[in-house]
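Structural overview for review
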Amino acid sequence: MTETTDALEIRGLSAGYRGVPAIRDIDLRVAAGSILALLGPNGAGKSTTLRAAAGLLPALGGTVTAAGSPVTGSVERATRSGLCLIPDNRGVFHRLTVAENLRLAKARGGFGPALDRFPQLRPLLNRRCGLLSGGEQQLLAIAKTLLLRPRVLLIDEMSMGLSPVAIKQILPELRRLADEDGTAIVLVEQHIDQALSVADEAVVLHHGRVVLIGPAADLREDRDQIQRAYFGDKER
Ligand SMILES: Nc1ncnc2c1ncn2[C@@H]1O[C@H](COP(=O)(O)OP(=O)(O)OP(=O)(O)O)[C@@H](O)[C@H]1O
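Residues numbered from 1 in each chain as written. Predicted model: local features only at pLDDT ≥ 70, side-chain atom pairs only at ≥ 80, totals over all residues.

Scanning the protein from terminus to terminus reveals nine helices and 10 strands. Taking 18 Å as the expected radius of gyration for a compact globule of 236 residues, we find that the protein reaches 17 Å, a close match to that expectation. Principal axes of the C-alpha set define a box for the protein whose edges measure 50 × 40 × 35 Å. Relative to its 236 residues, the protein shows a buried fraction of 44%. Considering only contacts in the protein between residues 6 or more positions apart, those separated by 24 or more positions represent 66%. (Helix = DSSP H or I, 4+ residues; strand = E, 2+ residues; numbered from the N terminus. Rg over C-alpha atoms; globule rule 2.2 N^0.38 Å. Buried ≥ 20, exposed ≤ 12 C-beta atoms within 10 Å, placed from the backbone. Contact = placed C-beta atoms within 7 Å.)

See the structure below:
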């Protein structure tokens, strides 16, 4: 990629529920074509960070910029700037078929390009989404989002409920999306090794704050550092 500006820039972001911050002063930058693994123990604030970045939660402080445009606190502006969130429930409609779910993306050229990328979905087109496996549902969620040509893709709990085989199938697709389409991806993951295997950079949150940030390649070699961050040791 020749683009050098960050596709997603989060500065000093605080957000929470009923006015009580669950994340504080979060700084994150993700370049186009890059994958950031957002890690941390249960309740650290990973989902809250994604929701606030996507405008689903108002910011109590700080700013979010997507593809160069200010989008803080606005789903509409975030969507217009090409920011998409795949929530932990995948955001697919269980009573609709795979084809109907894909049609909802209202892609100008139809949903053919999504099937070219994920041919495994072709034989499932007429199946109701509720009858798909977890991995197939996640592939559908990614395929549907891909039709929107996201510049920034936020994925919450990517591998929740998926078998190791399904995870191994999906992670390279995310890498391809970043490498070939230049999409900036933030991946919230409980499986640290899987996340580090595909990410360029990783951030660990603890009690709503960033406690560790570094290149994924370095953190793969130094698991102790990640371990300590999960217990709240701040190393940056
Ligand atoms: N809807 C809500 N209302 C009130 N508090 C919430 C709500 N959602 C999350 N929280 C609280 O905000 C904090 C951060 O939660 P969040 O879901 O962002 O953490 P997480 O890192 O994604 O956790 P997990 O890995 O368990 O999904 C937690 O203390 C949680 O209890």
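Before going further, it helps to spend a moment on the site of the ligand. What surrounds the ligand is the set Tyr 17, Ala 22, Gly 40, Asn 42, Gly 43, Ala 44, Gly 45, Lys 46, Ser 47 and Thr 48. Broken down by element, the shell around the ligand gets its largest block of residues, three residues, from helix H1 (residues 46-53). Its residues assigned to classes, the shell around the ligand shows three nonpolar, six polar and one charged. (Near = placed C-beta within 6 Å. Nonpolar A, V, L, I, M, F, W, Y, C, P; charged D, E, K, R; others polar.)

Another point: the sheet that holds strand E7 (residues 152-155). Ordered in space as E6-E7-E8-E3-E9-E10, the six strands form an open sheet in which the pairing is mixed. For this open sheet the edge positions go to strand E6 (83-86) and strand E10 (209-215), each flanked by a neighbour on one side alone. Between one strand axis and the next, the sheet turns through 15° on average, direction left out of account. Bridge analysis of strand E9 (residues 201-206) against E10 gives six bridges, and the strand direction is antiparallel. The partner of His 206 across the bridge, within E10, is Arg 209. Lying over the sheet, helix H6 (residues 164-181) contacts strand E3 (35-39) and strand E8 (184-188), oriented at roughly 155° with respect to E8. Contacting E9 and E10, helix H9 (residues 223-230) runs over the sheet at an angle of about 30° to E9. (Pairing = 2+ DSSP bridges. Axes fitted to C-alpha atoms, helices over the stretch in contact; angles between N-to-C directions.)

A few words on the UniProt feature "domain: ABC transporter" (unreviewed entry) in the protein. When the UniProt feature table is mapped onto this chain numbering, "domain: ABC transporter" (unreviewed entry) sits at residues 8-232. For the annotated span residues 8-232, helix accounts for 35% and strand for 28% of the residues, and the straight-line distance between the end C-alpha atoms is 25 Å. (UniProt positions renumbered as here; feature names shortened; annotations may be inferred.)

All right, on to H1 then. Counting buried residues in H1 gives seven out of eight residues, a clear majority hidden from the surface. Burial in H1 covers these residues: Lys 46, Ser 47, Thr 48, Thr 49, Leu 50, Ala 52 and Ala 53. After H1 finishes, the residue Gly 55 shows a positive phi value of roughly 85°.

Let us now look at the nonpolar core. Judged by nonpolar contacts, the single largest core of 76 residues is most densely connected at Leu 36, Ala 37, Leu 187 and Val 203. Broken down by element, this core gets its largest block of residues, seven residues, from helix H5 (residues 134-147). Residues within four places of Val 203 in sequence aside, it is in contact with Leu 28, Leu 36, Leu 38, Leu 39, Val 210, Leu 212 and Ile 213. (Core = buried A, V, L, I, M, F, W, Y, C linked by C-beta atoms within 7 Å.)

Attention shifts here to the confidence of the model for the protein. Per-chain confidence: the protein averages 91 in pLDDT, with 97% of residues scoring 70 or above. Interface confidence in the predicted complex, given as ipTM, is 0.98; pTM for the same model is 0.92. (pLDDT = per-residue confidence, 0-100.)

So, about the pairing of E9. The buried fraction of E9 is high, at six of six residues. Neither face of E9 is open: one carries Glu 201, Val 203 and Leu 205, the other Ala 202, Val 204 and His 206, and all of them are buried. Across four bridges, the pairing between E3 and E9 is parallel. Considered in E9, the bridge of Ala 37 is made with Ala 202.

A word on the sheet that holds strand E1 (residues 6-17). Pairing is antiparallel in the open sheet, where four strands are placed in the order E2-E1-E4-E5. Looking at which strands have only one partner, the edges of the open sheet turn out to be strand E2 (20-31) and strand E5 (69-70). Pairing of E1 with E2 involves eight bridges; the strand directions are antiparallel. In the sheet register, Leu 13 faces E2, and the bridge partner there is Ile 26.

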